[in-house]
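Here's the letter readout for the chains.
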Amino acid sequence: STEWWYEVSLLSADGEFRRPIGQVGIGFWFNDERYGVARAAENGWELATATLSDPVLKVLFYESDLYAEIDDDSSLSISNVVLLPNTQQLILQINVKGDPDNTRHLFRLWLTDDLASAEQVELLWTGKNNVGIGYSPDGRYLLIADYNFASSNGEYSQYLLDLETLQVSEPILSRGFG
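Below or above, wherever it landed, is the structure these notes cover.

Rules and cut-offs
Residues numbered from 1 in each chain as written. Predicted model: local features only at pLDDT ≥ 70, side-chain atom pairs only at ≥ 80, totals over all residues. Heavy atoms only, no water. Buried < 20%, exposed > 50% of the residue type's maximum accessible area, 1.4 Å probe, protein only. Helix = DSSP H or I, 4+ residues; strand = E, 2+ residues; numbered from the N terminus. Pairing = 2+ DSSP bridges. Axes fitted to C-alpha atoms, helices over the stretch in contact; angles between N-to-C directions.

Summarising burial for strand 8 (residues 89-96): eight of the eight residues are buried, a large majority. Burial along strand 8 is two-sided: Gln-89, Ile-91, Gln-93 and Asn-95 facing one way and Leu-90, Leu-92, Ile-94 and Val-96 facing the other are all buried. Direction of pairing for strand 7 (residues 76-83) relative to strand 8: antiparallel, over a ladder of seven bridges. Pairing of Asn-80 across the sheet is with Gln-93, part of strand 8. Pairing of strand 8 with strand 9 (residues 103-111), which is carried by seven bridges, proceeds in the antiparallel orientation. Within strand 9, the residue paired with Asn-95 across the bridge is Arg-104. Here strand 8 hands over to strand 9 after six residues, with Gly-98 in that stretch at a positive phi of 70°.

In structure tokens:
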């Protein structure tokens, strides 16, 4: 489903029009030349990339490429893409559509040095109501918040995920409102 997708155009920093990108859900920058988008595909969505000098979008990755990493064939939606600093790694935040438990996955996508194609995908985290909310300046740690939306007092916990060892810390913050 593409109900959350928007017509997007690439604009220069001074606000002058550059070029239309098309209907996409998420747009993101790799660097000052290469950008990427999540867009609808025949069977779900795909990540595509282009450069300012070569604006033809080329597929980087398909939704279907994630199914080998998870034991679930439910439809997935992409809610965030982050390029970790000083790396060729994308973090993908993926939601399981229609899941009453609100299952979410965080994946790491390893890219080639030129950022133009994917080499490997890795499942980092699966949880309920979680969200990757930040990363350390060196890109080694990902801050994950695990929200309990069913809780009347807004309980949540935050964890650090070490992206080198894939170890998850004990909660570094747990709180609720109420």
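That covers the picture; the talk isn't over yet.
Moving on, we get to the sheet that holds strand 7. On the basis of which strands lie adjacent, the open sheet formed by four strands has the order 7-8-9-10 and antiparallel pairing. In this open sheet, the two edge strands, each paired with only one partner strand, are strand 7 and strand 10 (118-128). For this sheet, the mean angle separating the axes of adjacent strands, direction not counted, is 25°.

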